[in-house]
Every structure is written in structure tokens, then in C-alpha cells.
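# Summary of the model geometry
Take a look at the letters that make up each chain.
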Amino acid sequence: MTMTVLAAALTRRVTCPSGNVVRNGACCALFPVLQDIQANLFDGGQCAEDAHSALRIAFHDAIGFSLTKKVYAPFLVF
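Remember, it's a predicted structure, so these values are computed and weren't measured experimentally.

Here is what the cut-offs are and how they apply
- Residues numbered from 1 in each chain as written.
- Predicted model: local features only at pLDDT ≥ 70, side-chain atom pairs only at ≥ 80, totals over all residues.
- Heavy atoms only, no water.
- Helix = DSSP H or I, 4+ residues; strand = E, 2+ residues; numbered from the N terminus.
- Buried < 20%, exposed > 50% of the residue type's maximum accessible area, 1.4 Å probe, protein only.
- Contact = heavy atoms within 4.5 Å.
- Polar contact = N/O pair within 3.5 Å; in protein donor to acceptor, adjacent residues only side chain to side chain.
- Disulfide = S-S within 2.5 Å.
- Patch = residues over 30% accessible without salt bridge, like charges linked within 9 Å, V, L, I, M, F, W, Y side chains within 5 Å.
- Areas by Shrake-Rupley, 256 points an atom, 1.4 Å probe, with all protein chains shown as cover.
- Salt bridge = Lys/Arg side-chain N within 4 Å of Asp/Glu carboxyl O.

### Comments concerning the overall build of the protein
Across its full length, the protein carries four helices and two strands. Burial statistics for the protein: of 78 residues in total, 10% are counted as buried. Taking as baseline every contact in the protein between residues at least 6 positions apart, the subset at least 24 positions apart corresponds to 0%.

### Examining the environment of asparagine 24
For asparagine 24, the position within the fold is in the loop between strand S2 (21-22) and helix H2 (30-40). Exposure remark for asparagine 24: the relative accessible area of 40% places this residue in the partly exposed category. Spatially, the C-alpha atoms of asparagine 24 and arginine 13 are 7.1 Å apart, while their sequence positions differ by 11 residues. In this structure the side chain of asparagine 24 is engaged in a polar contact, spanning 2.9 Å, whose partner is the backbone nitrogen of alanine 26.

### As for the state of the cysteines
Covalent bonding between the sulfur atoms of two cysteines defines a disulfide. Counted under the stated rule, the structure contains one disulfide. Sulfur-sulfur distance for the disulfide between cysteine 16 and cysteine 28 comes to 2.0 Å. Between cysteine 16 and cysteine 28, the S-S dihedral sits near -80°, and the bridge is therefore left-handed. Of this pair, cysteine 16 sits in the loop between strand S1 (14-15) and S2 while cysteine 28 sits in the loop between S2 and H2, and the two are 12 residues apart along the sequence. Taking the relative accessible area as the measure of exposure, cysteine 28 reaches 15% and is therefore buried. As a non-bridged cysteine, cysteine 27 has cysteine 28 as the owner of its nearest cysteine sulfur, 7.3 Å distant.

### Overview of a nonpolar patch on the surface
Taken together, the side chains of Leu30, Val33, Ile37 and Leu41 make up a nonpolar region of the molecular surface, amounting to roughly 330 Å² of accessible area. Along the chain, the position of leucine 41 falls in the loop between H2 and helix H3 (42-45).

It is worth stressing that arrangement in space is one thing and function is another; only the former is reported here.
Structure (C-alpha cells):
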């Protein structure tokens, strides 16, 4: 438990102008995008079929991506 508390104390945190806390200050620029998507996309922010389809497509695209291999395999994406 001591190591967990110590690691948490050493983790760098940045507070964005919006009040959100992140590890990397570059992420602060994404919060307005997130708010816009939640408010204006997918039928007024409703989690319906369009949102489900968008997440499913993003997940399937991620299947063919690897940080350790230099091969991109789009044929594995169904």
C-alpha cells in the first residue's frame, strides 16, 4: 500500500482551465471537443445506434494496430 500511495504522489497532474485533471497538459485541448461531441453529435448526445456503430467501428479499427509490430493488417478488421 505504501508503494501505491508513493506512486500516486509522484504522478504528474495538470489541471486544465475547465477544471479537469489530466496527466498531460496537451489533453486539455480535447475536453472542448468531447463536450461538443456529447452535446451535438448522435441525436443530441443520445447513446443510440449511431453512437454504438461509431464505437464498434473504432474498436474494430484498433484491432489491426500494434505498437510493437511494424505490420498493419487491415484485412483482420471485420
